[in-house]
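Descriptive analysis of the structure
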Amino acid sequence: MSSFKNTAASWLAAMPLVPFFFVLIWSTGFIVAKFGLPYAPPLTFLSLRFLGVLIILLPLVLLLRAPWPLGSMRHIAVAGILVQAGYLAGVWCAIKLGMPAGLSALIVGMQPVLTAFAAPLIGEKVRGRQWIGLVFGLCGVALVVANKITLTGLSWQSIALCVMALLSITIGTMYQKSYCPHFDLRTGTIVQFAASSVVVLPLAIWLEDFSPALQTVQWTPNFIGAMLWAILALSIGSIFLLFTLIRKSAATQVTSLLYLTPPTTALMAWAAFGEVFSLIGVAGMLLAVIGVVFVVKK
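Residues numbered from 1 in each chain as written. Predicted model: local features only at pLDDT ≥ 70, side-chain atom pairs only at ≥ 80, totals over all residues. Heavy atoms only, no water.

Considering the nonpolar core
Selection criterion: Put simply, buried Ala, Val, Leu, Ile, Met, Phe, Trp, Tyr and Cys residues joined by side-chain atoms within 4.5 Å make one nonpolar core. Burial classes: relative accessible area under 20% of the type maximum marks a residue as buried, over 50% as exposed, and values in between as partly exposed (1.4 Å probe, protein chains only). Note on conventions: DSSP H or I runs of at least 4 residues are helices, E runs of at least 2 residues are strands, and numbering of each starts at the N terminus. In what follows, residue pairs with any heavy atoms lying within 4.5 Å of each other are defined as contacts.
Grouped together as the largest cluster of nonpolar side chains are 80 residues, with contacts concentrated most on Phe 22, Trp 26, Phe 45, Tyr 87, Trp 92 and Leu 242. Sorting elements by how many residues they give to this core places helix α11 (residues 221–248) first, with 15 residues. If we ignore the near neighbours within four places in the chain, the residues touching Phe 45 are Val 32, Gly 36, Ala 40, Trp 92, Phe 223, Ala 226, Met 227 and Ala 230. Counting residues in hydrophobic clusters, the runner-up holds six residues, among them Ala 94, Met 99, Cys 162 and Leu 166.

What to know about the confidence of the model for the protein
Selection rule: pLDDT runs from 0 to 100 and stands for how confident the predictor is about each residue.
Overall, the predicted model of the protein reaches an average pLDDT of 84, with 88% of residues at or above 70. Confidence drops under a pLDDT of 50 for residues 1–5, and excluding neighbours within four residues, the segment shows eight contacts in the predicted structure.

What to know about a nonpolar patch on the surface
We apply this condition: Patch membership is restricted to residues that have no salt bridge and whose relative accessible area is over 30%. Joining uses 9 Å for like charges and 5 Å for the nonpolar side chains Val, Leu, Ile, Met, Phe, Trp and Tyr. Calculation of accessible area relied on Shrake-Rupley with a 1.4 Å probe; when residues are assessed, cover is drawn exclusively from the protein chains displayed. Counted as salt bridges are all cases of a side-chain nitrogen of Lys or Arg within 4 Å of a carboxyl oxygen of Asp or Glu.
Taken together, the side chains of Ile 56, Leu 60, Trp 219, Ile 224, Leu 228 and Leu 232 make up a nonpolar region of the molecular surface, amounting to roughly 570 Å² of accessible area. Looking at the nonpolar patch, the elements that each hand over two or more residues are α4 (42–64) and α11. Here the nonpolar patch takes three residues from α11, the largest share from any one element. When you line up the elements, Leu 232 lands in helix α11. Exposure remark for Leu 232: the relative accessible area of 47% places this residue in the partly exposed category.

Okay, here's the thing in structure tokens:
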């Protein structure tokens with residue numbers, strides 16, 4: 001089984017299109033939220049999502065006898081709570097409270113810059129060209145979401161939740177890069193989602209009356225489709241790709257890819273929902289791409 005793990009990891013790490021697939025899948029997060037949030041409270045949706053990942057992966061891991069990361073399980077769990085529970089709960093609850101999606105994307109889009117400032121703490125150096133790229137990328141994100149930014153429905157609670165999400169995924173990415181960059185993706189993912197469930201599920205029970213009867217969930221086709229995509233593509237597919245990128249790249253380079261998420265999401269929303277995508281948005285998308293090239297180019 002160790003040969004299977006090494007072969008799979010080597011195959012993923014060698015794929016030049018891993019960043020492309022990661023951005024493409026990760027960008028569907030806001031689309032999933034648009035389909036799923038009308039039919040379930042945010043913490044309830046996330047609790048079902050996390051449990052779904054465990055139900056799918058645990059039997060496969062036991063069947064394949066994948067090795068458990070016993071020596072680093074605590075660090076993997078902490079990183080998972082930050083990247084999964086803290087980030088997703090913050091963004092989804094903020095949007096549910098009325099935070100405009102564009103403003104949410106702009107706040108969370110500050111992660112690459114925040115990571116760059118903190119990079120020396122984990123022994124990484126950010127070059128001058130990379131700083132230029134980070135500024136370009138942030139400006140590009142701002143242009144993409146500019147026509148979607150509004151103060152309607154804004155509250156201090158939603159702002160606090162978005163800031164919490166920003167800090168959570170930034171600290172989580174750096175923590176994993178520092179303390180547990182290498183582990184079996186299959187068992188490590190189970191550890192992270194189990195730890196995230198321990199955090200999110202009690203909050204769903206307390207704040208959203210979550211119960212086995214799932215009386216707060218409307219089982220519509222949109223909800224079921226959003227849940228399946230969230231489990232299989234986002235929580236398993238994109239997370240596997242993210243872990244692979246964290247293994248092989250500097251934290252600043254990995255997080256800079258998130259600059260491409262708002263432009264990609266905007267294109268998806270234009271195609272799926274007919275949302276307006278202006279020339280300013282196109283310019284922002286190009287600027288974000290240029291920024292990411294500046295950051296990741298050797």
